[in-house]
Amino acid sequence: GDSLLAVLHGLSATEIATLEIDCFLTGGTLVSIHAGDAPGLEALWSEVQVNPAAASGTADVLLARLADVLTRRLMSVLDEFEDVVDALIEMALTADQRTIGEVTAIRSDLTAVRRVVHPQRETLDRLRSSTSPLITDEGRRRFSDVFDLADRASTELITARSRTFSSSRIFP
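My aim in this report is to walk through the structure given alongside it, one point at a time. (Residues numbered from 1 in each chain as written. Predicted model: local features only at pLDDT ≥ 70, side-chain atom pairs only at ≥ 80, totals over all residues. Heavy atoms only, no water.)

**A closer look at the overall build of the chain**
Argument step 1. What the chain contains, in helices and strands, is four helices and three strands.
Argument step 2. Taken from the N to the C terminus, the helices and strands of the chain come in the order β-β-β-α-α-α-α.
Argument step 3. Looking at the chain residue by residue over its 172 residues, the buried ones come to 42%.
Argument step 4. For the chain, long-range pairs separated by at least 24 residues make up 65% of all intrachain contacts whose partners lie at least 6 apart in sequence.
Argument step 5. Surface accessibility of the chain: about 9100 Å² in total, with carbon and sulfur atoms responsible for 51%. (Helix = DSSP H or I, 4+ residues; strand = E, 2+ residues; numbered from the N terminus. Buried < 20%, exposed > 50% of the residue type's maximum accessible area, 1.4 Å probe, protein only. Contact = heavy atoms within 4.5 Å. Areas by Shrake-Rupley, 256 points an atom, 1.4 Å probe, with all protein chains shown as cover.)

Structural data, given as structure tokens:
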């Protein structure tokens, strides 16, 4: 067709909450629609303001850059979960009474992130293998790179969930 819809997901700036960014790609135009603040989109826009070359290329390449920014933000949160889970394990080993409450809170946060990591990964998989004339070879390469990052995020999410569950089993 002459247009393409990609639903991407990002994180709120202040809490573990996710947001949807609907991206419409047509010819040489990329339009995004979202409710509220979208820190990942704002970060990309700020980069373009400082370095206009960041917006160079075709609209699909710009969409891939946006997907990259959003996915890297998800990865940064997952990296922070690693530190939190290590602290949970320490709490469990010392029989800290706050362990169960903390595990419950972390599991809730991980569930919120999981709800977007896997669909984001699938969207990127479709974009990297798309035969649409709206996706250039360079766009497919960039989507493939971002897919690899999202795949890593998916794996890290599974590991974090498993370690969180394990920390609750350690608790006496």
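**Some remarks on the pattern of salt bridges**
Argument step 1. Evaluated as defined, the whole model comprises seven salt bridges.
Argument step 2. Linking R142 and E138 is a salt bridge whose minimum nitrogen-to-oxygen distance equals 3.2 Å. One end of the pair, R142, and the other, E138, are both in helix α4 (residues 137-170), four residues apart, so they sit about a helical turn from each other.
Argument step 3. R142 sits in the partly exposed class, given a relative accessible area of 31%. (Salt bridge = Lys/Arg side-chain N within 4 Å of Asp/Glu carboxyl O.)

**Digging into the layout of surface pockets**
Leftover empty space is mapped by rolling, across the atoms, a probe with the size of a water molecule.
Argument step 1. Looking at the largest pocket, its volume works out to about 170 Å³.
Argument step 2. Lining of the largest pocket is provided by L30, S32, L41, L44, W45, V48, A55, L62 and L66.
Argument step 3. Counting residues per element, the ones that place at least two in the lining of the largest pocket are β3 (29-34), α1 (39-50) and α2 (59-93).
Argument step 4. Ranked by the residues each element gives to the lining of the largest pocket, the list is headed by α1, at four residues.
Argument step 5. Of the residues in the lining of the largest pocket, the class split is eight nonpolar, one polar and no charged. (1 Å grid on protein atoms, 1.4 Å probe; cavity = no way out; pocket = protein on both sides within 12 Å on 5 of 7 lines; lining within 4 Å. Points joined across faces, edges and corners; volume = space filled by probe spheres on them. Nonpolar A, V, L, I, M, F, W, Y, C, P; charged D, E, K, R; others polar.)

**Digging into the side chain of Q120**
Argument step 1. On the secondary structure map, Q120 appears in helix α3 (residues 99-128).
Argument step 2. Accessibility expressed as a relative area gives 1% for Q120, which makes it buried.
Argument step 3. In this structure Q120 touches L8, H9, A67, L70, T71 and L74, once residues within four positions along its chain are discounted.

**Some points on the nonpolar core**
Argument step 1. Counting 25 residues, the largest nonpolar core has L4, L8, L25, L63, L66, L124 and F143 as its most contacted members.
Argument step 2. For this core, the secondary-structure elements that each account for two or more residues are β1 (3-11), β2 (18-26), α1, α2, α3 and α4.
Argument step 3. Looking at which element gives the most residues to this core, the answer is α2, with seven residues.
Argument step 4. Among all residues touching L66, those that are not within four sequence positions of it are L8, C23, G40, L41 and L44. (Core = buried A, V, L, I, M, F, W, Y, C linked by side-chain atoms within 4.5 Å.)

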